[in-house]
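Spelled out from the first residue to the last, the chains are:
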Amino acid sequence: MSDQPMTGRQGTFGSLREQLLDAAETFAGGPVEVSGILSGLVDDVDRALREELEIFPVCHHSPASALAMVRRLREKQPKVIYLELCEDLQPLLTELRNCRLPVAVQAFATDLDGFPKTWAPLSVVAPITEASAEYQAIAYALDTPGVELVLVDRSTDHVFQWAPGEEPTPKAEEGAGLHGDAVGVEIGDLRPRFAELEEHLLHHGKVRHWSEWWDQYVEQPLSGADYDTYRQVMVLIGSLFRRLRPEGDARLTVDEDRERYMWTRMREHLAASGADPADCLYVCGAFHAASRVEEFGLRSTATFEISPRTGTKWLYGLIPSSHSAIEAQFGLAPGSVSIAAATWNKVLTRSKLTPFQLAGQKGARKRQVKLPPPAPQGEVADKLTGFLSRPPALDPLDEAELLGWSVDIVRLARRNGYLASTADAIAVYETSILLAGMRNRARPTPYDFQDAAVTCIEKDVVPGRRDVRRLCEILLGGDKLGEVGYDALPPLARDVYDRLAPLGLDLEKRTIQRALLDLNAEPELRPCSDLLWMLRYLLPSDAVRPIMGERRLGERSIQESWDLAFGKHQRSIIELGYEGVTVEQVVEQRLRRSVWDQKATAAVALAAVEDAILFLGSRRFADELGARAVELLASERTVDDAPDVLRRIRRLLAHYRATEPELPAWCEAFVTAGYAHYCTLLPTAFVDDDTGVRQVGAMLGFLFSMESLALSLGCERAQLELAVRQSHPESPAKVALLWAAQHQLGLLPPAALRSRCDELLANPLVIPSFPQYIIGFVQALEPVPALSGFVVEVISKAFGRLPDNVLLPWLPKLITALRAGAAELVPVLVREAGRTFPGSLTAVDSWVPPWTARPKPAVTAAPVAAGPVAELLRTHPAACDAVAGVLGCSGAWAAPGEPAGDPRVAALLAAHPEPALAVAGLLG
């Protein structure tokens, strides 16, 4: 469109246009480009105000916009309100009366049709606060008979259809709080779209961030302005930011398409309903109020073809929001929304203006709004010239408010550990006035007060203590959190609250609540316990946290204690309702989705089987997931998850053997498939540098521990022996693993294994890498647990034989390697060492290691029985013969001088005299 003023429009803003053009020529010395921009701003304002359909420009979460909306609704009392909001969100607006603001209207989709699968899940939110013009319009329309509310912005499906780039990204991915990674719908987003202009405004406005500039130069001057002044100034600002937007901005195309979409929808509605445009009000962002598209206006004949929606199935609901979530998602300064809410309440009190609110609104004061007779609309008058030419009105300093802030911040600082006093309150008061004067402000703003409080109170920063700026935000209103009422919750969320009702807790509270369950004394609480464990699996870790009790295969707690924070995580519970009708259905869908994912592995499928047994108790579903685990194992080409697979299949086999008469068919198939699979990959894993020793040890653990079951199911042991014989590793740790496997198969006797280790210790070139051999032997305890004594022997020999100059540099390497690669197996070694080594220090000196070869006793001649005892027995042999007869022994008496007894008995007694000496001690 042409930027030049059209005929007939010179009357209203002609004087302002001439002043701006004269100023541009005076300062530039001649006609320049800026004169066209200034003239275009006036044209945009004139065009918007002369439109047949009244346009109400707003800014997102602006108290000034909300106050102007309340005043205009009372005066005009429109019959139709067109609102800039996604048109498919309209059915949710009636549920706002069951919520405590702020909340966000959300559209959510996981099953995509027409969008790339990598975009899933898609989420769009539109936060709503009480101090917003949008909420005032919604409350007026829904609670006033005969008023129709029509949402005219693009649908949520078109939000992603028109998203620039390959993948839509939220405005604030980190720190978006309750909104998560949802894309925010901007209603009246007024902010410069390039950094140079924003930096210029912040510098000359002597402010730190955009929110403070907007509050100082727009909110405060317009909060008490009349409607015409407000409307013209807002359109002027929207036109300024629009005309100064850089060329080629991708968002400009999307914004213009949104404007075409909205004007098309409004013309369609007017044609279908026959409503009078004079009784209608179009609420949109000030940026869109200064639109220059051909479709602008009711008299435009330009057409815009709206593309059909994709096949994506969208789900809708309300989620709790908060001031901090809104600030994070829309790039506002921390505390700005809270300050806006405080400003809203303050102006309402001063002006004695009653805002609109939905009947039955939670957390709001009951207000009765009586509408006066509609006021007639007069001619459009030029309010911009006076507003721009005169300085802002200097409001008198509100000493009571500033004094109250100063006293309260000192009290709050003391509560939080600061050494603040009355002198600090006076200093904050005086510094606030000083800062406001330095910044050319008529009165101190909340931002000046914050700076003064930080300067005067926060003299040092203590870790873990709230800073003073955060205390000021709390003082001025804090981070208000919204809540979705029970009636507005999806069926799943209501089902959760109903099923947990026997706990006797108020689950809507935002504080952490402790639930105590004695399942033996109160068996009726077992369904609550089952539901809590499922929610523990589905929700964030701090939403449902078990303090006492656990749930594992084959184990059930008799007492449980839980910390529940459902009030803080209501959004997560609501979004579960987008996935199913019951919690059990959501668990089943997630488990099924996890095992059929492209990146699923056998370990993931086994974990899903375990979760299905723990949470759902469905044998059919567990068998389905187990069959999928067999398929995944057979198709894997790596063994990275072998330790996890071994641990989980052992646990599942133990569970089924203890609870079922026979193993499920999928377990048998998994064992046979795993036996063949790992035998096939074993030679490659031994030589592959990318395969760790832990993975190879887990493979051998699977093969040896499942060998008996696999052989009974038809596998052949020759396959394992052939795989071991074909393995030729080079790394020391894997060589030790191979030796352990050969020993288990009987291919390497214990003596040969011990001899190889002794040769390694005797070779100086091998000593630096000997810790790796030890790591291999430690990992061998998984497949060959009988080697624990031998591993203790090898480590003991190394410590006993290596000199200090070798052992001391070698020891840290060994400890690091054990911690990184075999931490779970070290306790096995410790227990074996406890059984091997003596239990007291006094016994260490005389202790002989069991692996040390004992010297063979010298062969001596059999002793000759002599002495008085021998003579006594020979003289009276009857007693000995009787004892021999009882014991069944036969023999003859030796003649005097002949060796007595078997020489082997004499050698045994000579080698081990301890028993004989002990008997002698007992006999005295």
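Residues numbered from 1 in each chain as written. Predicted model: local features only at pLDDT ≥ 70, side-chain atom pairs only at ≥ 80, totals over all residues. Heavy atoms only, no water.

J.: For the pattern of salt bridges, give the residues involved together with the corresponding values.
T.: Pairing is possible between side chains that carry opposite charge, provided their charged atoms lie close to one another. Summed over the entire model, instances satisfying the criterion amount to 45 salt bridges. A salt bridge links Glu555 to Arg552, with the shortest nitrogen-to-oxygen separation between them at 3.0 Å. The salt bridge involving Glu575 is made with Arg571; its shortest N-O contact spans 3.1 Å. Pair noted here: Glu575 and Arg571 are both in helix α20 (residues 570-576), with a separation of 4 residues, about one helical turn. Per residue, the accessibility class of Glu575 equals that of Arg571, and both read buried. (Salt bridge = Lys/Arg side-chain N within 4 Å of Asp/Glu carboxyl O. Helix = DSSP H or I, 4+ residues; strand = E, 2+ residues; numbered from the N terminus. Buried < 20%, exposed > 50% of the residue type's maximum accessible area, 1.4 Å probe, protein only.)

J.: Summarise the environment of Leu531; cite the residues concerned and give the values.
T.: Considering the arrangement of structural elements, one finds Leu531 in helix α19 (residues 526-538). Judged by relative accessible area, which is 0%, Leu531 ranks as buried. Placed 31 residues apart in sequence, Leu531 and Leu500 show a C-alpha to C-alpha distance of 8.0 Å.

J.: I'd like to hear about unusual backbone geometry, residue by residue, with values.
T.: The amide bond that connects Leu101 to the next residue, Pro102, takes the cis arrangement and shows omega of 5°. Note on placement: Pro102 falls in the loop between β3 (99-100) and β4 (103-109). With phi around 50°, Gln77 is a residue other than glycine that occupies positive phi space. Position of Gln77 relative to the elements: it lies in the loop between α3 (63-76) and β2 (80-86).

J.: How would you sum up the nonpolar core? Please name residues and give values.
T.: If you look at the biggest cluster of nonpolar residues, it comprises 205 residues, and the most contacted ones within it are Leu500, Leu535, Phe566 and Phe670. Top element by residues in this core is helix α25 (residues 665-687). It accounts for 11 residues. In this structure Phe566 touches Val496, Tyr497, Leu500, Leu507, Leu532, Leu535, Leu539, Ala543, Val544 and Ile573, once residues within four positions along its chain are discounted. (Core = buried A, V, L, I, M, F, W, Y, C linked by side-chain atoms within 4.5 Å. Contact = heavy atoms within 4.5 Å.)

J.: Summarise the sheet that holds strand β12 (residues 544-548); cite the residues concerned and give the values.
T.: Read across the sheet, 3 strands follow the order β11-β15-β12 without closing on themselves; strand pairing throughout is antiparallel. At either end of the open sheet lies a strand with only one pairing partner, and these are β11 (513-518) and β12. The mean inter-strand angle of the sheet, taken between neighbouring strand axes irrespective of direction, is 25°. Two strands pair when backbone bridges link them, and β12 and strand β15 (residues 559-564) are joined in this way by 4 bridges, in the antiparallel orientation. Paired with Arg545 across the strands is Asp563, a residue of β15. (Pairing = 2+ DSSP bridges. Axes fitted to C-alpha atoms, helices over the stretch in contact; angles between N-to-C directions.)

J.: Tell me about the layout of surface pockets, and name the residues and values.
T.: Empty pockets left among the atoms are what a rolling probe the size of a water molecule brings to light. Considered as a void within the structure, the second largest pocket measures approximately 900 Å³ in volume. Thr110, Asp111, Ala120, Pro121 and Arg593 are, among the 27 residues lining the second largest pocket, the residues nearest its centre. Contributing elements (two or more residues each) for the lining of the second largest pocket: β4, α20 and α21 (583-595). Ranked by residue count, the leading element in the lining of the second largest pocket is α21, at 4 residues. Looking at side-chain class alone, the lining of the second largest pocket contains 12 nonpolar, 6 polar and 9 charged residues. (1 Å grid on protein atoms, 1.4 Å probe; cavity = no way out; pocket = protein on both sides within 12 Å on 5 of 7 lines; lining within 4 Å. Points joined across faces, edges and corners; volume = space filled by probe spheres on them. Nonpolar A, V, L, I, M, F, W, Y, C, P; charged D, E, K, R; others polar.)

J.: Tell me about helix α18 (residues 491-499), residues and numbers included.
T.: Within the sequence span of α18, burial applies to Leu492, Ala493, Val496 and Tyr497. For α18, the angular spread of the buried residues around the axis is 140°, confining them to a single face. Where the residues of α18 are buried, they touch α19, α20 and α21. (Arc of directions from axis to C-beta.)

J.: Got a sec to walk through the confidence of the model for the protein? Specific residues and values, please.
T.: Here the protein shows a mean pLDDT of 81. Residues at 70 or above account for 83%. The spread of mean pLDDT over the elements of the protein runs between helix α1 (residues 10-28), the lowest at 54, and helix α22 (residues 602-616), the highest at 93. Taken as a whole, residues 1-9 scores under 50 in pLDDT and shows 20 contacts with residues more than four places along the chain or in a different chain. For the stretch residues 171-175, pLDDT sits under 50, and the model shows 8 contacts to residues farther than four places along the chain or on other chains. (pLDDT = per-residue confidence, 0-100.)

J.: Can you break down the side chain of His655 residue by residue, with the values?
T.: Looking at where His655 falls in the secondary structure, it is placed in helix α24 (residues 642-659). On the accessibility criterion, His655 (16% relative accessible area) is buried. Residue contacts for His655: discarding those within four places in its chain leaves Leu553, Gly554 and Ile613.

J.: Let's hear about the packing of aromatic side chains: which residues, and what values?
T.: What the rule picks out here adds up to 22 aromatic pairs. Considering the side-chain rings of Trp666 and Phe670, the 6.5 Å spacing of their centres and the 80° angle between planes classify their relative orientation as edge-to-face. With a gap of 4 residues between them, Trp666 and Phe670 both fall in helix α25, about one helical turn apart. Take Trp666: its relative accessible area is 6%, and that puts it in the buried class. Judged by relative accessible area, Phe670 falls into the buried class, the value being 0%. Ring geometry for Phe777 and Phe790: centres 5.6 Å apart, planes at 75°, overall edge-to-face. Of the two residues, Phe777 is situated in helix α31 (residues 770-779) and Phe790 in helix α32 (residues 788-801); the sequence distance between them amounts to 13 residues. Comparing Phe777 with Phe790 shows no difference in burial state: the two are buried. An aromatic cluster of three or more residues is present, and its members are Tyr656, Trp666, Phe670, Tyr678 and Phe702. (Phe/Tyr/Trp six-rings, centres within 6.5 Å; stacked < 30°, edge-to-face > 60°.)

J.: Any chance you could break down the pairing of β11 for me, citing the residues and the numbers?
T.: Only one face of β11 is buried, namely the one carrying Gln513, Ala515 and Leu517, since none of Arg514, Leu516 and Asp518 on the opposite face is buried. Two elements, β11 and β15, share 6 bridges in a ladder whose sense is antiparallel. Looking across to β15, one finds that Leu516 is bridged to Ser561.

J.: Break down α22 for me, with residues and values.
T.: Taking 1.5 Å per residue, 15 residues should reach 21 Å; α22 reaches 20 Å between its end C-alpha atoms and fits that length. With 13 of 15 residues buried, α22 is to be regarded as a mostly interior element. Remark: Gly617 follows α22 within two positions and exhibits a positive phi of approximately 65°. (Expected span 1.5 Å × (residues − 1).)

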